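# Results of the structural survey
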Amino acid sequence: MCNPNLGLIPFPARIIHITENTADTKTFRVVGEDEKKPFAHMPGQCAMLSLPGVGEAMFSISSASTNEEFYEFSIKRVGKLTSELHTLQVDSPITLRGAYGRPFPVNDVLIGQDLLFIAGGIGLAPLRSVIRYVFDNRDKYGAVDIVYGARSSADLVFLEEIQNEWTARPNTRVHLTIDREEEGWSGNVGFVPTYIKQLSFNPSKIALICGPPVMIKYSLATLIEMGFEKTQVYTTLEMRMKCGIGKCGRCNIGHKYACIDGPVFRCDEIDELPEEY
């Protein structure tokens, strides 16, 4: 849930580091005016970033809540605000407010469970916060499998971090795939839902999915075919969030609000939403 003490009042903040992940995606490391994090958050929650005179938008916090020094936001350049954000340099001022939304159930449902993370493209950003949280509390969780795909190897966000850090973690397996063959790529080639089926996961796992809607749709269908129940699968609808506090109504889906009832939903809960979603 959103912090009721924050409301719509933004905190002055600044960018302290920028990583260029792909040709159109950058990760911005941000701190508050006093060089600290002005609010706490949990994996899956979001924050509002704004540039006065340009606009504001909701973004997933891609860093783990166990990191007490800074926030990270991994942002793909797709429109006016994100294009303007991509022009910023280290020390550029911005404002932010949060944290908003229902997080992934890392401290109850996921405890002691084997976990399956499924991501496509920039959809790895919100799951990264969960993955890093699990790594920082490794003894609380079972085996971890990460299936991540993109159009090409150049579109795989956090690739260096994945190859240098995640693959070295205990009891962790990373499965990378790209849509089409390319020279120099020795990993899997094919769409994420097809790759999931090939990997034949045990349906006792808890699955967390984020990516393009079509990928989520077919990945969920594949998991159900493999024996998973919808109560074992979680996803996030953070892209629908607007004000973050349930006032503007723009994230309304039937009788649910993405910012109040989500953005994290169990997949059987999504069945309650209108068909047009």
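Our subject is the structure that appears above.
Here the structure is a predicted model, which means the values were calculated and not measured. (Residues numbered from 1 in each chain as written. Predicted model: local features only at pLDDT ≥ 70, side-chain atom pairs only at ≥ 80, totals over all residues. Heavy atoms only, no water.)

## Comments concerning the nonpolar core
This is how the line gets drawn: Here, nonpolar core means buried Ala, Val, Leu, Ile, Met, Phe, Trp, Tyr and Cys residues that are tied together by side-chain atoms lying within 4.5 Å of each other. Under the scheme applied here, a residue whose accessible area is under 20% of the maximum for its type counts as buried, over 50% as exposed, and between as partly exposed, the area being computed with a 1.4 Å probe on protein chains only. Secondary structure elements follow DSSP: runs of H or I of four or more residues count as helices, runs of E of two or more count as strands, with numbering from the N terminus. Any pair of residues with heavy atoms lying within 4.5 Å of one another is described as a contacting pair.
Core analysis: the largest hydrophobic core is formed by 31 residues, its most contacted members being Phe 117, Leu 124 and Leu 208. Where this core is concerned, the elements lending two or more residues are strand 7 (115–120), helix 2 (124–136), strand 8 (144–150), strand 9 (172–178) and strand 11 (206–210). Top element by residues in this core is helix 2. It accounts for seven residues. Contacts of Leu 124, omitting those with residues within four sequence positions, involve Ala 119, Ile 131, Tyr 148, Val 157, Phe 158, Ile 162 and Trp 166.

## Some words on the pattern of salt bridges
Note the threshold: Salt bridge, as used here: a side-chain nitrogen of Lys or Arg that lies within 4 Å of a carboxyl oxygen of Asp or Glu.
Scanning all chains against the criterion turns up 13 salt bridges. The residue Glu 161 makes a salt bridge to Arg 128 at a minimum N-O spacing of 2.9 Å. Separated by 33 residues along the polypeptide, Glu 161 in helix 3 (residues 159–164) and Arg 128 in helix 2 bring together distant segments of the chain. Of the two residues, Glu 161 and Arg 128, both sit in the buried class. Across the pair Asp 145 and Lys 205 runs a salt bridge whose closest N-O atoms are separated by 3.1 Å. Here Lys 205 lies in the loop between helix 4 (192–199) and strand 11 and Asp 145 lies in strand 8, a separation of 60 residues in the sequence. A network of salt bridges, in which partner residues are shared, links Arg 29, Glu 72, Arg 128, Arg 132, Glu 161 and Glu 165.

## So, the pairing of strand 6 (residues 93–100)
Spelled out, the test is: Two strands qualify as a pair provided DSSP detects at least 2 bridges between them.
Counting buried positions along strand 6 gives seven out of eight residues, so the element sits mostly inside the fold. By the bridge criterion, four bridges tie strand 1 (residues 11–22) to strand 6 in an arrangement that is antiparallel. Within strand 6, the position partnered with Arg 14 by the bridge is Pro 93. Bridge analysis of strand 3 (residues 46–51) against strand 6 gives five bridges, and the strand direction is antiparallel. Residue pairing for strand 6: Ser 50 is matched across the bridge by Thr 95.

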